[in-house]
Amino acid sequence: MNRNPNGLLKGVRAVELATFVAGPSLGRMLTHYGAEVIKVENPAGDYWRTFGTKYNMPAKEEENALFDQYNGCKKSLILDLKKEEGKAVLLKLLETADIFIVNVRTRALERLGLDYETLKERFPRLIYAHITGYGDLGPDKDLPAYDTTAFWAATGFINDLSLDGMEERYPVDTPASVGDTTTGAMLYGAVATALYAREKTGKGDRVTVSLFGTALWVMSHLTISSQAKYGRVYPRTHRTCTPPPFKCADGEWIVLSLLTNWERDYPVFCRAMGREDLVEDARFACVDDYILAENSAAFTDIFDPMFLARPTDYWKKLFDENRLVCAVVGHFRTDTESEQAHVNGFVRSHTMPGGETCWITVPSPQSANMGAGDFWRGPLLGEHSAEIMEELGYSNEEIRQMAREKITYINPRKGIWYRAGSRA
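Residues numbered from 1 in each chain as written. Predicted model: local features only at pLDDT ≥ 70, side-chain atom pairs only at ≥ 80, totals over all residues. Heavy atoms only, no water.

1. So, the packing of helix H11 (residues 262-272) against helix H13 (residues 293-307)
Orientation of H11 relative to H13, taken along the N-to-C sense of each, is 45°, at an axis distance of 14 Å. Looking at the two axes, H11 sits oblique to H13. Mapping the contact onto sequence places Trp262, Tyr266 and Phe269 in H11 and Phe299, Phe303 and Phe307 in H13. Broken down by class, the residue content of the contact of H11 with H13 amounts to 6 nonpolar, no polar and no charged. (Axes fitted to C-alpha atoms, helices over the stretch in contact; angles between N-to-C directions. Helix = DSSP H or I, 4+ residues; strand = E, 2+ residues; numbered from the N terminus. Parallel < 35°, antiparallel > 145°, perpendicular 65-115°, else oblique. Contact = heavy atoms within 4.5 Å. Nonpolar A, V, L, I, M, F, W, Y, C, P; charged D, E, K, R; others polar.)

Listed below in structure tokens is the structure:
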């Protein structure tokens, strides 16, 4: 099943007891670099299997791009962990595992006897990778959480990054799954560190990240600068963004990054725009003066109408020629058409079991030795239940009996959906 025989994580086995995106995105990264990941699902399956319909996408066994994105290259084992026989199978599986990925709340894990304190003596080499909503301590430690709540809402991002100045202001739309995937990537680094430490000490560890804590880390610039001691005010208006996106004649937008090297780039920008008279303007010549709200607003008022006179490709060419850092503001709908994404292997074509194709994105870390592997679709629900349980020593009759008792599920469609050009 492992289609990445040369990956640096070849021989590493992870068991994933996780749903939605944060935990599964970690599992997907592990498979990308050669690890075997067994996704343990309850008999109803990960709810993410059906989530594509919320985004106008099919969510069927023969076409389920959103599920495949985070669960490609894995195996699926169905277990009812509320039944002792199902839990026994999981514990037997953990005897063969290097990593246990969980994003279940701690109280539920304790009720099941699957918390780290219960497992660490029996599995002393196990890396226990736990994603929480708000961290291990404090008044919110037991709250349920998604990235929309713990990552984007609780930190203030969707409130303070909205643009003020409208008659009514609403928090911006939450960037779905972005916080989850960021948190999963953060945990990947912790897991890799723990595996490295285990090579030296022989001991496993519990490594954990939270959606809320990860958000505070990646938004640290915003969080630190806006504390009372420093007082940067949010939300901003278009006129006081520093500098703002500028709308162009074709209706698209362009963004310039001037603040990081203002003393060099601001005069170059003025000359490129034909406004050399502004180079010595006291409101803008020094970055400390420019960032004052009234001066930023004046800057925007001057240049807004100038940008509206030309299309984005004109401005992009002009700024590139003057070595000014800029980007045309893109659209999600065209990201998978980007030549830059394709030549670097950041997106790949994916043929689904029913023959439909789409583009998927892949983890971006690369090196000559990582051995990033091929991509193939996510597992059918319970596709590998029998295979995995046979490997653990269960007889065919024991497996069939557990299936009859709904402790496990064996998918009868295994292997029948494949057509030429797709991956089994």
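2. With respect to the confidence of the model for the chain
Mean pLDDT over the chain works out to 92, with 95% of the residues at or above the 70 mark. In the model, residues 415-424 has pLDDT below 50 throughout and makes 21 contacts with residues more than four positions away in sequence or in other chains. (pLDDT = per-residue confidence, 0-100.)

3. Structural notes on the nonpolar core
Core analysis: the largest hydrophobic core is formed by 30 residues, its most contacted members being Leu90, Leu94 and Phe100. At the level of elements, strand E1 (13-17), strand E2 (36-41), helix H3 (84-94), strand E4 (99-102), helix H5 (116-119), helix H17 (385-391) and helix H18 (396-404) are the ones that each hand at least two residues to this core. Counting residues per element, this core draws most heavily on H3, which supplies 5 residues. Grouped together as the second largest cluster of nonpolar side chains are 27 residues, Cys248, Ile254, Leu256 and Val279 included. (Core = buried A, V, L, I, M, F, W, Y, C linked by side-chain atoms within 4.5 Å. Buried < 20%, exposed > 50% of the residue type's maximum accessible area, 1.4 Å probe, protein only.)

4. Details of the sheet that holds strand E7 (residues 246-247)
Taken in spatial order, the 3 strands make up an open sheet running E7-E8-E9, and their pairing is antiparallel. Where the open sheet ends on each side, the last strands, each with one partner, are E7 and strand E9 (326-328). For E7 and strand E8 (residues 253-256), the ladder comprises 2 bridges, and the chain directions are antiparallel. Each residue of the ladder has a partner; that of Phe246, found in E8, is Ile254. (Pairing = 2+ DSSP bridges.)

5. Describing H13
When the terminal C-alpha atoms of H13 are compared, their 21 Å separation across 15 residues agrees well with the 21 Å that a helix rising 1.5 Å per residue should span. Among all positions of H13, only Asn295, Ser296, Ala297, Ala298, Phe299, Thr300, Ile302, Phe303 and Phe307 are buried. Taken together, the buried residues of H13 touch E7, E8, H11, helix H12 (287-290) and helix H14 (312-321). (Expected span 1.5 Å × (residues − 1).)

6. Some points on the pattern of salt bridges
Should the charged atoms of two oppositely charged side chains come close, the side chains can pair. Inspection of every chain in the model, using the stated rule, returns 25 salt bridges. Asp80 serves as the salt-bridge partner of Lys83, at 4.0 Å between the closest nitrogen and oxygen. For Asp80, a relative accessible area of 16% translates into the label buried. Put simply, Arg13, Glu36, Lys75, Glu387 and Glu391 are held in one network by salt bridges that share partners. (Salt bridge = Lys/Arg side-chain N within 4 Å of Asp/Glu carboxyl O.)

7. Examining the sheet that holds strand E6 (residues 205-210)
What the 6 strands build is an open sheet, ordered E3-E2-E1-E4-E5-E6; its pairing is parallel. Edge positions in the sheet fall to strand E3 (75-78) and E6, since each of these pairs with one other strand and no more. Within the sheet, the average angular offset between the axes of one strand and its neighbour, ignoring direction, is 20°. Pairing between E2 and E3: 4 bridges, direction parallel. Within the sheet, the bridge partner assigned to Glu41 lies in E3 and is Ile78. Sitting on the sheet, helix H1 (residues 22-32) touches E1, E2, E4 and strand E5 (127-132), and the angle it makes with E4 is about 150°.

8. Focus on the layout of surface pockets
Roughly 1600 Å³ of internal volume is contained in the largest pocket. For the largest pocket, the lining is made up of 37 residues, of which Gln69, Tyr70, Ala176, Phe332 and Thr361 are closest to its centre. For the lining of the largest pocket, the secondary-structure elements that each account for two or more residues are H1, helix H2 (65-71), helix H8 (178-201), helix H15 (332-335) and strand E11 (357-361). Class assignment of the residues belonging to the lining of the largest pocket gives a composition of 22 nonpolar, 10 polar and 5 charged. (1 Å grid on protein atoms, 1.4 Å probe; cavity = no way out; pocket = protein on both sides within 12 Å on 5 of 7 lines; lining within 4 Å. Points joined across faces, edges and corners; volume = space filled by probe spheres on them.)

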